[in-house]
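# Structure at a glance
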Amino acid sequence: EVLVSRQAGDCQKLAQAAAATGDPVRIYACGGDGTLNEIINGVIGQPNAAVTHFPAGSGNDFIKLFSDPTAFCDVGRLIDGEVARFDLIRCLDEHYALNICSMGFDARIGTSIGKYKRFPLLSGSGAYIVSTGVNLIKGINRHYRVEMDDETYEGSLAMICIANGRWYGGGFNPVPEAEPDDGLLDVLLVKKVTLLQVPGVIGGYQKGRYADYPQLIRHVRCRRLRIRSDKPSVVNVDGEAIYTDDAQIELIPAAVRFFYPKGLQFRHKN
């Protein structure tokens, strides 16, 4: 069975019904990354369901890890596609991300854009600029305690990125070597930065050059982490905003079946 839908609840009901008979179901998420996230959250625990993305959004970031993202627009190639088992990020026990979770300066900017879009004369880029300016005024750095498997970091941080995929925010590629099926999370801790350091450090972070800033950006690979903050902070979960002062995050290996156009590659090339 094949379902094309924007509603996670509909997908979950169909997958559950198919599971009762053992029938497979293939689900096409038609929209952007938010739509894909809704569908993923709707099919958790349904082993007979396979999901893909027919890109119709503004970012379509997750599928950028594939060798030719435009191939996802070809329904014929999707129908005859290959299937891989991808890991998921679970946050606060009930929220799942296929791609990226983040906290800190970039998460505050991204999750505030919608609020500013409601103002007249503010387009998408205008809302982004306003959100960036407002959050610069409010301050870049916050105090966090981050527990990662068997080690802990505590101090002032500008950003925290937890990557299963590679791209987010329309143009950020912070960990180019992240793999969606390796059983590990790639975590970047961006330490306290000054206003003058923001363009260079954030620019390097955006382009995946974290190794150029060893004193300011730390790369850790782990399976679970716990992030505590002094007051509730926003967590970006594939574009969904969640507020908490105690974010418990873990990797769920091989949790979703994802199908993609035959012949494409998603492995990082060294």
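Shown above is the structure to which this text applies.
As a starting point, this report considers the structure included with it. (Residues numbered from 1 in each chain as written. Predicted model: local features only at pLDDT ≥ 70, side-chain atom pairs only at ≥ 80, totals over all residues. Heavy atoms only, no water.)

Counted according to the given criterion, the structure contains 14 salt bridges. Here Glu-179 makes a salt bridge to Arg-267, at a shortest N to O gap of 4.0 Å. Of the two residues, Glu-179 is situated in the loop between β8 (151-163) and β9 (185-191) and Arg-267 in the segment after β12 (240-260); the sequence distance between them amounts to 88 residues. A salt bridge links Arg-221 to Asp-186; the nearest nitrogen and oxygen atoms lie 3.2 Å apart. One end of the pair, Arg-221, is in strand β10 (residues 217-222); the other, Asp-186, is in strand β9, and 35 residues separate them in sequence. (Salt bridge = Lys/Arg side-chain N within 4 Å of Asp/Glu carboxyl O. Helix = DSSP H or I, 4+ residues; strand = E, 2+ residues; numbered from the N terminus.)

Let's shift gears to the side chain of Arg-166. Mapping Arg-166 onto the fold places it in the loop between β8 and β9. Look at Arg-166 and you get buried, because its relative accessible area is 7%. Separated by 2.7 Å, the side chain of Arg-166 and the backbone oxygen of Ala-178 make a polar contact. (Buried < 20%, exposed > 50% of the residue type's maximum accessible area, 1.4 Å probe, protein only. Polar contact = N/O pair within 3.5 Å; in protein donor to acceptor, adjacent residues only side chain to side chain.)

Attention now goes to the pairing of strand β6 (residues 100-104). For β6, the buried fraction is high: five of the five residues fall into the buried class. Neither face of β6 is left uncovered, since the one carrying Ile-100, Ser-102 and Gly-104 and the one carrying Cys-101 and Met-103 both have all their residues buried. Bridge count between β6 and β8: five bridges; the pairing is antiparallel. Paired with Gly-104 across the bridge in β8 is Met-159. Here three bridges tie β6 to strand β11 (residues 224-237), and the two strands are oriented antiparallel to one another. Bridging across to β11, Cys-101 finds its partner in Val-237. (Pairing = 2+ DSSP bridges.)

Counting across every chain of the model gives 14 aromatic pairs. Both rings, one in Phe-66 and one in Tyr-260, keep their centres 5.0 Å apart while their planes meet at 40°; by these two values the pair is tilted. Here the residue Phe-66 occupies a position in the loop between β3 (49-55) and α3 (75-79), and Tyr-260 occupies one in strand β12, the gap between them amounting to 194 residues. Side by side, Phe-66 and Tyr-260 carry an identical accessibility label, which is buried. Through a chain of ring-to-ring contacts, the aromatic side chains of Phe-62, Phe-66, Phe-72, Phe-86, Phe-258, Tyr-260 and Phe-266 assemble into a single cluster. Its guanidinium or amino end placed over the ring of Phe-259, Arg-26 lies 4.0 Å from that ring's centre, counting from NZ or CZ. (Phe/Tyr/Trp six-rings, centres within 6.5 Å; stacked < 30°, edge-to-face > 60°. Lys NZ or Arg CZ within 6 Å of the ring centre and 35° of its normal.)

Bear in mind that shape data such as this cannot, by itself, settle questions of function.
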